Amino acid sequence: MKSKIINFFTDSADVLLSPDDLFNFKSQSKNYDGILTLVVFTVILALTLGILTKNALVTGILIISYLFSHLIFKIIQALLINLVTRLFGANGDFIRTVNLISYSSVLDLFVIIGLACTVLGLGIMLLPLLILTVTWKMFIVVSAVCREYELGIGKAFISAYGIWLLVIAIIMGLFL
């Protein structure tokens, strides 16, 4: 049990320090630690937001809603990635894709740090940390797609975010 906990936090650190090495190792293994990582860090983030509201009911609702919304989002994202990579002729496993892209939730630690800064009166730190987190999560997901489907960086980026960017461009075009 102790070694599993140590491995969990070691993998979390590897996401921050060397995601390519972690994804090379995890793409050959059959464990689903990435999904567990998503659950743990999403619950910690929702718990932090709930504590800031100082309401137990809101905290419970946040935990459940954040957990389900993040899991559903990762499944939809992996489904779209799987679809686009098939168009490129690449093959990969859907469940492993969900597992690998779920490791990006480790970066929610920076959002938690930003929320803690707001309590300390340093709310100005939240926006830069959010921008850092979103950008870094994009790199982590692209790296995971690159390793799982053995694609180049460009095709992996298009597979991971091409449809999302196309939808955003269409929506912006409709309203501008």
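Thresholds, definitions, all that
- Per chain, residue numbering runs from 1 following the sequence as it is written.
- With pLDDT at 70 or above as the cut-off, local features in this predicted model cover only qualifying residues; side-chain atom pairs require 80 or more to be listed or tallied, and sums for whole chains, interfaces and linings still use all residues.
- Heavy atoms throughout the structure, all of them, feed into the side-chain values; hydrogens and water do not.
- What counts as a salt bridge is simple: a side-chain nitrogen of Lys or Arg found within 4 Å of a carboxyl oxygen of Asp or Glu.
- In this description a helix means any DSSP run of H or I spanning at least four residues, a strand means any run of E spanning at least two, and both kinds are numbered starting from the N terminus.
- For each residue, the accessible area found with a 1.4 Å probe, counting protein chains only, is set against the maximum for its type, and the residue is called buried under 20%, exposed over 50%, and partly exposed in between.
- Definition of a polar contact: a pair of N or O atoms within 3.5 Å, with one able to donate and the other able to accept a hydrogen when the atoms are protein atoms, and with sequence-neighbouring residues admitted only if both atoms are side-chain atoms.
- Contacts between residues were defined by any pair of non-hydrogen atoms, one from each residue, lying within 4.5 Å.
- The pocket and cavity definitions rest on a 1 Å grid over protein atoms only: a 1.4 Å probe that fits but cannot leave marks a cavity, an open set with protein on both sides within 12 Å along at least five of seven lines marks a pocket, and residues lining either have an atom within 4 Å of a point.
- Grid points are joined across faces, edges and corners, and a volume is the space filled by probe spheres set on the points.
- Each residue gets one of three labels, nonpolar for Ala, Val, Leu, Ile, Met, Phe, Trp, Tyr, Cys and Pro, charged for Asp, Glu, Lys and Arg, and polar for the others, Gly among them.

Q: Give me the pattern of salt bridges: which residues, what numbers.
A: Within the structure shown, the criterion is met by 2 salt bridges. In this structure, arginine 96 engages glutamate 148 in a salt bridge whose closest nitrogen and oxygen atoms are separated by 3.2 Å. On the criterion of sequence distance, the pair formed by arginine 96 in helix H5 (residues 94-102) and glutamate 148 in helix H7 (residues 126-149) is long-range, its members being 52 residues apart. Taking the relative accessible area as the measure of exposure, arginine 96 reaches 23% and is therefore partly exposed. Across the pair lysine 137 and aspartate 108 runs a salt bridge, and its minimum N-O distance is 2.7 Å. Separated by 29 residues along the polypeptide, lysine 137 in helix H7 and aspartate 108 in helix H6 (residues 108-119) bring together distant segments of the chain. With relative accessibility at 22%, the residue lysine 137 sits in the partly exposed group.

Q: So, the side chain of threonine 42: which residues are in play, and what are the values?
A: Checked against the element boundaries, threonine 42 lands in helix H3 (residues 33-53). Of note is the side chain of threonine 42, whose polar atom sits 3.3 Å from the side chain of histidine 70. When neighbours within four sequence positions are excluded, threonine 42 is seen to be in contact with Tyr66, Leu67, His70 and Asp108.

Q: Pulling in residues and values, what's your account of the layout of surface pockets?
A: Which parts of space are left empty comes out when a probe the size of a water molecule is rolled across the atoms. Volume-wise, the largest pocket comes out at about 460 Å³. Phe73, Lys74, Val134, Lys137 and Tyr161 are, among the 22 residues lining the largest pocket, the residues nearest its centre. Of all elements in the fold, only H3, helix H4 (56-87), H6, H7 and helix H8 (153-175) reach the threshold of two or more residues within the lining of the largest pocket. If one sorts the elements of the lining of the largest pocket by residue count, H7 sits on top with 6 residues. For the lining of the largest pocket, the residue count by class is 14 nonpolar, 5 polar and 3 charged. Approximately 220 Å³ is the volume found for the second largest pocket. Contributing elements (two or more residues each) for the lining of the second largest pocket: helix H1 (2-17) and H3. Examining the composition of the lining of the second largest pocket, we find that 6 residues originate from one element, H1, more than from any other.

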